[in-house]
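Next come the chains, spelled out residue by residue.
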Amino acid sequence: SQKIEQNSEALNIQEGKTATLTCNYTNYSPAYLQWYRQDPGRGPVFLLLIRENEKEKRKERLKVTFDTTLKQSLFHITASQPADSATYLCALHTGTASKLTFGTGTRLQVTL
Amino acid sequence: DAGVTQSPTHLIKTRGQQVTLRCSPKSGHDTVSWYQQALGQGPQFIFQYYEEEERQRGNFPDRFSGHQFPNYSSELNVNALLLGDSALYLCASSTMNTGELFFGEGSRLTVL
């Protein structure tokens, strides 16, 4: 069966450290993968998109990798801040554009 | 530039009733997708509208229907409400064949 797995347990890290979130998928062949941030009671906000032929993408303190062999994406936030505390969602394009299949998200808590 | 706007923000209905949720896409966007997000879960794709037609549909029953108007705004209708329909309903806009989605803040539906 098709699955997108993100660590359901919250990730707690100290301010200034690098947070690494994992997204694993099975039985999909996505053309590209996206990461979104979601705050409680709010809609998701787009962060990064990476295509299947790209290994790595960066945006300011954010970095995402995409390994189609391992069927895994890693999402890194360097020099993390308390304001980075949120739920981070991984999403795959599993059909034509705009149809995303989301993971359940990982909650990140950055403490002082 | 207004982003994606949704209304109402919160509503309470009883089982068996019908509900209509509304969405105005971001300026310049012509594609609207609807997602359902249950508590603690990732958003699930309901359907997508482009050029006033339903282009793709997720695994949702016919009780879920929609419409897109000439100005690209959209409605989601749910008939014969069930307790399990309680969720955050998210509208996302984009241009056709581009990956990034812009989400509204959602409509929180509670079915009693």
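1. Focus on the state of the cysteines
All names here are of chain A. Counted under the stated rule, the structure contains two disulfides over all chains. Sulfur-sulfur distance for the disulfide between Cys23 and Cys90 comes to 1.9 Å. For the disulfide bridge between Cys23 and Cys90, the dihedral angle about the S-S bond is near -55°, and by the sign convention the bridge is left-handed. In this pair, Cys23 sits in strand 3 (residues 19–26) while Cys90 sits in strand 9 (residues 86–93), placing the two residues 67 residues apart along the sequence. A relative accessible area of 0% places Cys23 in the buried class. Note on Cys90: relative accessible area 0%, which makes it buried.

2. Brief notes about the sheet that holds strand 7 (residues 64–68) of chain B
The strands making up a sheet associate through hydrogen bonds between their backbones, and the pairing can be parallel or antiparallel. All names here are of chain B. Read across the open sheet, the four strands follow the order 1-3-8-7; overall the sheet is antiparallel. For this open sheet the edge positions go to strand 1 (5–7) and strand 7, each flanked by a neighbour on one side alone. Direction aside, neighbouring strands of the sheet carry axes that sit 15° apart on average. Relative to strand 3 (residues 19–24), strand 1 runs antiparallel, the two being bridged by three bridges. What sits directly across from Thr5, in strand 3, is Ser24.

3. With respect to the interface of chain B and chain A
Each partner contributes to the interface: chain B provides 23 residues, whereas chain A provides 21 residues. Summed over both sides, the interface of chain B with chain A buries roughly 1600 Å², with 51% coming from carbon and sulfur. Per-residue buried area on chain B facing chain A is highest for Gln56(B), Phe103(B) and Glu105(B); these three make up 27% of the total on that side. Of the charged contacts, one joins Arg42(A) and Glu105(B) as a salt bridge, the two residues approaching to 2.6 Å between their closest N and O atoms. At the surface where chain B touches chain A, the tally comes to five residue pairs in polar contact (both at pLDDT 80 or more). Those elements giving two or more residues to the side of chain B that touches chain A turn out to be strand 4 (31–37), strand 5 (44–50) and strand 9 (87–94) of chain B. It is strand 4 of chain B that provides the largest number of residues to the side of chain B that touches chain A, a total of four residues. Of the residues that constitute the side of chain B that touches chain A, the class distribution is seven nonpolar, 14 polar and two charged.

About the thresholds
- Residues numbered from 1 in each chain as written.
- Chains lettered and ligands numbered in written order.
- Predicted model: local features only at pLDDT ≥ 70, side-chain atom pairs only at ≥ 80, totals over all residues.
- Heavy atoms only, no water.
- Disulfide = S-S within 2.5 Å.
- Helix = DSSP H or I, 4+ residues; strand = E, 2+ residues; numbered from the N terminus.
- Buried < 20%, exposed > 50% of the residue type's maximum accessible area, 1.4 Å probe, protein only.
- Pairing = 2+ DSSP bridges.
- Axes fitted to C-alpha atoms, helices over the stretch in contact; angles between N-to-C directions.
- Contact = heavy atoms within 4.5 Å.
- Buried area = accessible area lost by both parts, 1.4 Å probe.
- Salt bridge = Lys/Arg side-chain N within 4 Å of Asp/Glu carboxyl O.
- Polar contact = N/O pair within 3.5 Å; in protein donor to acceptor, adjacent residues only side chain to side chain.
- Nonpolar A, V, L, I, M, F, W, Y, C, P; charged D, E, K, R; others polar.

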